[in-house]
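# Structural features, examined
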Amino acid sequence: MSQAKKTRTTVDIYGKTYTILGEENVHHMRIVASMVDDKMRDIYQANKSLDTTRLAVLTAVNTVNDYLKLKQEHEALLKKIEEKEDL
């Protein structure tokens, strides 16, 4: 991270407390933590035999997959905008 002002907050994710340090505001970091917690709980509901480590890895894989899909959609929309501007 750069030398920007760091914000520290404590969050609960899947029953464990974590201290997060970041450049975003506390509200943003808590939303992120809440979304991670929700995703972990959703995945656990689909497969209750997962241990915490496997659950965390599957949560990360699912989250990065969602991110890549959104990134592709974003790039496609930017390309469409650029094409319309060229007309």
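Remember, predicted model here, so these are calculated numbers, not experimental data.

Thresholds, definitions, all that
- Residues numbered from 1 in each chain as written.
- Predicted model: local features only at pLDDT ≥ 70, side-chain atom pairs only at ≥ 80, totals over all residues.
- Heavy atoms only, no water.
- Core = buried A, V, L, I, M, F, W, Y, C linked by side-chain atoms within 4.5 Å.
- Buried < 20%, exposed > 50% of the residue type's maximum accessible area, 1.4 Å probe, protein only.
- Helix = DSSP H or I, 4+ residues; strand = E, 2+ residues; numbered from the N terminus.
- Contact = heavy atoms within 4.5 Å.
- Pairing = 2+ DSSP bridges.
- Salt bridge = Lys/Arg side-chain N within 4 Å of Asp/Glu carboxyl O.
- Patch = residues over 30% accessible without salt bridge, like charges linked within 9 Å, V, L, I, M, F, W, Y side chains within 5 Å.
- Areas by Shrake-Rupley, 256 points an atom, 1.4 Å probe, with all protein chains shown as cover.
- Lys, Arg positive; Asp, Glu negative; His and termini not counted.
- Charge placed at Lys NZ, Arg CZ, Asp CG, Glu CD.

## With respect to the nonpolar core
Of all hydrophobic cores here, the largest spans seven residues; its members are Val11, Ile13, Ala33, Met40, Ile43, Leu50 and Leu55. Among the elements that make up this core, the one with the highest residue count is helix α1 (residues 26-46) (three residues). Those residues in contact with isoleucine 13, other than ones at most four positions away along the chain, are Tyr18, Ala33, Val36, Asp37 and Met40.

## A word on the side chain of aspartate 37
Structurally, the position occupied by aspartate 37 is in helix α1. Apart from the residues within four sequence positions on either side, aspartate 37 is in contact with Asp12, Ile13, Tyr14 and Gly15.

## Topic: the pairing of strand β1 (residues 7-13)
Burial of the side chains of β1 is restricted to one face: Thr7, Thr9, Val11 and Ile13 are buried, whereas none of Arg8, Thr10 and Asp12 on the reverse face is. With seven bridges joining them, β1 and strand β2 (residues 16-22) adopt antiparallel strand pairing. Of the residues in β2, the one forming a bridge with valine 11 is tyrosine 18.

## Let's talk about the pattern of salt bridges
For the structure shown, the criterion picks out three salt bridges. Among the ionic pairs, aspartate 37 bridges to arginine 41, the shortest N-O distance being 2.9 Å. Of the two residues, aspartate 37 and arginine 41 both sit in helix α1, four residues apart, roughly one turn of that helix. A relative accessible area of 39% means that arginine 41 is categorised as partly exposed.

## Some thoughts on a negative patch on the surface
A surface patch of like charges, here negative, comprises Glu82, Glu83, Glu85 and Asp86. Tracing the backbone shows glutamate 85 in helix α2 (residues 52-86). Among the residues examined, glutamate 85 registers a relative accessible area of 61% and is labelled exposed.

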